[in-house]
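So the chains spell out like this:
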Amino acid sequence: MSSKTASSSSSVDPLKKKKECLGWIEWFRGWFHLIYDFLFQRIMARHLDNPIPLPPINDLTCIVTGSTSGIGLEIARQLAQSGAHVVMAVRNAKVATELIQKWQIESAGLGIALNVEVMVVDLLSLDSVARFAEAWNARAAPLHVLINNAGIFSIGEPQKFSKDGYEEHMQVNHLASAMLSILLLPSLIRGSPSRIVNLNSMMHHLGFVDPEDMNATSGKRKFSSLLGYSNSKLAQVMFSSVLFKRLNAEAGISVLCVSPGIVQTNVARDLPKFVQTGYHLIPYFLFNAQEGSRSALFAATDPQITEYCELLKSDEWPVCPYISLDCQPTNPSEEAHNLQKSYEVWEKTLEMIDLPLDSVERLLGGEEVKCRYGQEQEQQ
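Residues numbered from 1 in each chain as written. Predicted model: local features only at pLDDT ≥ 70, side-chain atom pairs only at ≥ 80, totals over all residues. Heavy atoms only, no water.

Enquirer: Please clarify how the overall build of the chain should be interpreted in this entry.
Expert: When helices and strands are tallied, the chain shows 15 helices and seven strands. Out of the 380 residues belonging to the chain, those deemed buried represent 56%. Contacts spanning at least 24 positions in sequence make up 77% of the contacts within the chain whose residues lie at least 6 apart. Of the accessible surface of the chain, which amounts to about 16800 Å², a share of 53% is contributed by carbon and sulfur atoms. (Helix = DSSP H or I, 4+ residues; strand = E, 2+ residues; numbered from the N terminus. Buried < 20%, exposed > 50% of the residue type's maximum accessible area, 1.4 Å probe, protein only. Contact = heavy atoms within 4.5 Å. Areas by Shrake-Rupley, 256 points an atom, 1.4 Å probe, with all protein chains shown as cover.)

Enquirer: What should I look at first to understand the pattern of salt bridges in this one?
Expert: Within the structure shown, the criterion is met by 15 salt bridges. Ionic pairing is found between E351 and K348, a salt bridge with its closest N-O pair at 3.2 Å. On the criterion of helical spacing, the pair formed by E351 and K348 is a turn pair, its members being three residues apart in helix α13 (residues 339-352). Residue E351 is classed as exposed on the basis of its relative accessible area of 53%. In this structure, D354 and R372 form a salt bridge, with 3.5 Å as the shortest nitrogen-oxygen distance. Note that D354 is positioned in the loop between α13 and α14 (359-364) and R372 in the loop between α14 and α15 (375-379), a separation of 18 residues in sequence. Judged by its relative accessible area of 27%, D354 is partly exposed. The exposure class of R372 is partly exposed, given its relative accessible area of 46%. Where salt bridges share partners, they join E134, E368 and K370 into one cluster. (Salt bridge = Lys/Arg side-chain N within 4 Å of Asp/Glu carboxyl O.)

Enquirer: What is the right way to look at helix α8 (residues 225-246) in this model?
Expert: For α8, built from 22 residues, the straight-helix expectation of 32 Å at 1.5 Å per residue is met to within 8% by its first-to-last C-alpha distance of 32 Å. For α8, the buried fraction is high: 20 of the 22 residues fall into the buried class. (Expected span 1.5 Å × (residues − 1).)

Enquirer: Is there a simple way to think about the packing of helix α3 (residues 70-81) against helix α4 (residues 93-108) in this case?
Expert: Helix-helix packing is characterised by the crossing angle of the two axes and by the distance between the axes. Where α3 contacts α4, the axes come no closer than 11 Å and their chain directions differ by 40 degrees. By the angle class used here, α3 and α4 are oblique. As for the relative orientation of α3 and α4, their crossing is right-handed in sense. Of α4, the residues touching α3 (which contributes L73, A76, R77 and Q81) are L99, W103, E106 and S107. Looking at the contact of α3 with α4 residue by residue, the class counts come to four nonpolar, two polar and two charged. (Axes fitted to C-alpha atoms, helices over the stretch in contact; angles between N-to-C directions. Parallel < 35°, antiparallel > 145°, perpendicular 65-115°, else oblique. Left-handed = near helix turned anticlockwise from the far one by under 90°. Nonpolar A, V, L, I, M, F, W, Y, C, P; charged D, E, K, R; others polar.)

Enquirer: Can you walk me through the packing of aromatic side chains in this structure?
Expert: The way to describe two aromatic rings as a pair is by their centre distance and the angle between their planes. Under the definition given, this model contains six aromatic pairs. For the ring pair Y36 and F40, a centre distance of 4.9 Å and an interplane angle of 45 degrees mean the geometry is tilted. Taken as a pair, Y36 and F40 lie in helix α2 (residues 24-44) at a separation of four residues, close to a single helical turn. We classify Y36 as partly exposed; its relative accessible area is 37%. Aromatic rings pair up to connect F32, Y36 and F40 into one cluster. (Phe/Tyr/Trp six-rings, centres within 6.5 Å; stacked < 30°, edge-to-face > 60°.)

Enquirer: What's the story with empty space enclosed by the protein in this structure? I'm lost.
Expert: To find leftover empty space, one rolls a probe the size of a water molecule over the atoms. This model, assessed by the stated rule, comprises four cavities of 30 Å³ or more. As a volume, the largest cavity reaches approximately 70 Å³. Residue classes in the lining of the largest cavity are distributed as five nonpolar, two polar and four charged. Its volume calculated, the second largest cavity comes out at about 60 Å³. What lines the second largest cavity is N148, H174, S177, A178, S181, N198, Q236, F239, S240 and L243. Elements with a contribution of two residues or more to the lining of the second largest cavity: α6 (168-183) and α8. Split into classes, the residues belonging to the lining of the second largest cavity amount to three nonpolar, seven polar and no charged. (1 Å grid on protein atoms, 1.4 Å probe; cavity = no way out; pocket = protein on both sides within 12 Å on 5 of 7 lines; lining within 4 Å. Points joined across faces, edges and corners; volume = space filled by probe spheres on them.)

Purely spatial values, then, with no claim about function.
Okay, here's the thing in structure tokens:
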């Protein structure tokens with residue numbers, strides 16, 4: 001973990017042909033990681049309790065995106081039942097409200113008073129994301145944990161674009177969470193020490209991001225939902241790594257990515273036949289949603305996380321902290337260590353979400369940062 005490692009990752013040979021895809025060794029290594037996790041994740045995580053016990057968090061305010069189903073639902077429920085103030089940032093307020101009522105009934109017998117609220121945000125609309133951030137910041141309240149959980153994996157479907165013009169996997173899994181993380185910095189500064197926790201995936205090992213083709217429309221590679229998903233998750237790691245570096249120690253904001261493991265879903269339909277066989281015939285190996293929530297809850301609440309992030313920052317480690325499914329530090333993919341490309345992804349992302357390149361520095365300095373998203377609706 002030395003600065004030498006970081007500098008070597010960012011060196012560029014101008015005569016070297018531009019890389020246009022993963023090499024076969026990297027591709028093989030990526031599938032090896034996925035298959036290894038599939039076969040051994042229960043063994044790797046055997047030391048973890050289910051549910052994972054949480055430290056005292058009564059003073060924490062946490063925003064959890066996509067918290068009406070799956071891992072996000074479990075994260076929100078467990079945080080709320082442990083005493084945190086939880087904001088469910090969701091598309092469907094009705095479903096979220098019904099969940100809260102159910103949790104309140106479950107908790108009444110235990111003498112636990114829940115502090116949960118619902119705020120609407122649609123990650124397929126950057127206008128909606130900007131309005132959500134502005135509404136929360138207007139409270140001038142501290143935010144201690146932002147958990148960017150919401151994501152999509154449109155299995156086997158053709159390429160789709162949001163009304164903002166961006167490929168849907170890239171927008172929901174990366175652009176929207178990046179925008180939310182930047183725009184909520186004022187509240188995270190008020191809540192310092194605070195954390196940004198991004199639900200990532202080991203499938204980022206299969207990703208390859210071309211900053212000049214974030215929408216995957218150039219035709220260089222045939223689009224599939226697997227490509228869209230893995231690319232968006234790699235972009236998330238790369239962006240998080242630069243954000244991690246730009247947030248100085250005085251800001252007191254930690255940025256992490258976590259892998260929930262391979263959780264029981266319907267994703268198998270877009271994967272190779274031998275992986276599908278594993279999904280259908282060996283369900284024992286898959287995590288349920290509660291098990292899949294453990295790494296995110298650990299990253300959001302464990303008191304040693306802040307110290308670990310400070311250690312990596314002082315060592316000038318080239319990538320952001322990454323927590324594995326067994327709640328242990330792990331290393332992102334080799335491609336994620338490409339610092340030059342990470343900065344290119346950073347710049348392209350800010351361009352796509354219409355934020356200035358010095359947004360972080362300006363927000364840390366107490367300045368206001370505006371983007372065009374969310375403005376038109378306010379003026380009408």
